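A look at the structure
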Amino acid sequence: MNLCLELIEEVNGRTAQIDQANLYIDSPGVIAWQGVSKNENYITAQNDLPIDDAVRAIEEQLARLPHYDQKSLYIVSLGPGDAKTEVALVKKILRHTSIKNICLDLLDI
């Protein structure tokens, strides 16, 4: 409730910007995101992401850096939304590479 009151103050005040964190405070914001995440075009676009290419690129980059740990990976994802893409990426890396230790940090509002 406090966040909603703060948002009302910001909207009615003279601030230059409204923080993105406010997108999910109210039920319309949540409903809007659910609508996007369940939209057929959005799902198709997510399913068409070149995850296999990303896995190959990660392997190639690690191979160029032999002084790095070749069995571990630290991934930071900014604004992952539902994080389905990130989870799919991690699963593919674990299944198809020699990397067996992955830390995945999901950072969103």
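What follows is about the side chain of T97. Tracing the chain through its elements places T97 in the loop between α5 (84-96) and β2 (101-107). A polar side-chain atom of T97 sits 3.1 Å from the main-chain amide nitrogen of I99.

A separate point is a nonpolar patch on the surface. A surface patch of nonpolar side chains, about 440 Å² in accessible area, is lined by Y74, V76, L78 and L107. When residues of the nonpolar patch are assigned to their parent elements, the largest contribution, three residues, is made by strand β1 (residues 72-78).

This brings us to the nonpolar core. Counting ten residues, the largest nonpolar core consists of I51, V55, L62, L73, I75, L89, V90, I93, I99 and I102. Elements represented by at least two residues in this core include exactly α4 (51-63), β1 and α5. When residues no more than four places from it in sequence are discounted, the contact partners of I93 are V55, I58, L73, I75, I99 and I102.

It is worth spelling out the pairing of β2 at this point. Note that β1 and β2 share seven bridges and pair parallel. Residue pairing across strands places L73 opposite I102, the latter belonging to β2. The β-α-β motif built from β1, the intervening α5 and the parallel element β2 has right-handed crossover chirality.

A pair of packed helices is captured by two measures, namely the crossing angle of their axes and the spacing between those axes. Where helix α2 (residues 27-38) meets helix α3 (residues 40-47), the closest approach of the two axes is 5 Å, and the angle between their N-to-C directions is 60°. Comparing the axis directions of α2 and α3 gives the class oblique. Judged by residue contacts, W33, V36, S37 and K38 of α2 engage E40, Y42 and I43 from α3. In terms of residue class, the contact of α2 with α3 is built from four nonpolar, one polar and two charged.

What counts, and where the lines are drawn
- One numbering rule holds for all chains: residues counted from 1, following each sequence as written.
- Confidence filtering applies because this is a predicted model: local features only for residues at pLDDT of at least 70, side-chain atom pairs given and counted only at 80 or more, and all residues used for totals across whole chains, interfaces and linings.
- Excluded from the side-chain calculation are hydrogens and water; included are all heavy atoms of the structure.
- We count a stretch as a helix when DSSP gives it H or I for four or more residues in a row; a strand needs E for two or more, and each element gets its number in order from the N terminus.
- A 3.5 Å cut-off defines polar contacts: any pair of N or O atoms within that distance qualifies, except that in protein one atom must be a possible hydrogen donor and the other a possible acceptor, and neighbouring residues in sequence count only when both atoms are side-chain atoms.
- Only residues whose relative accessible area exceeds 30% and that take part in no salt bridge are eligible for patches, with like-charged residues grouped when within 9 Å of each other and nonpolar side chains (Val, Leu, Ile, Met, Phe, Trp, Tyr) grouped when within 5 Å.
- Surface exposure here means Shrake-Rupley accessible area, sampled with a 1.4 Å probe, where a residue is shielded only by the protein chains that are shown.
- Salt bridges are identified by distance alone: a Lys or Arg side-chain nitrogen within 4 Å of an Asp or Glu carboxyl oxygen.
- Here, nonpolar core refers to any group of buried Ala, Val, Leu, Ile, Met, Phe, Trp, Tyr and Cys residues whose side-chain atoms link them within 4.5 Å.
- Only protein chains enter the accessibility calculation, which uses a 1.4 Å probe; a residue whose area is less than 20% of its type maximum is buried, one above 50% is exposed, and one in between is partly exposed.
- By the convention used here, residues are in contact when the closest approach between their heavy atoms is within 4.5 Å.
- What makes two strands pair is DSSP finding at least two bridges between them.
- Crossover handedness is defined here as right-handed if the route from the first strand over the helix to the second strand goes clockwise, with the strands pointing away from the viewer.
- Lines fitted to C-alpha atoms define the axes, with helix axes restricted to the stretch in contact, and inter-axis angles between N-to-C directions lie between 0 and 180 degrees.
- With respect to orientation, any angle under 35 degrees is reported as roughly parallel, any angle over 145 as roughly antiparallel, any angle of 65 to 115 as roughly perpendicular, and every other angle as oblique.
- Each residue gets one label: Ala, Val, Leu, Ile, Met, Phe, Trp, Tyr, Cys and Pro are nonpolar, Asp, Glu, Lys and Arg are charged, and the others, such as Gly, are polar.

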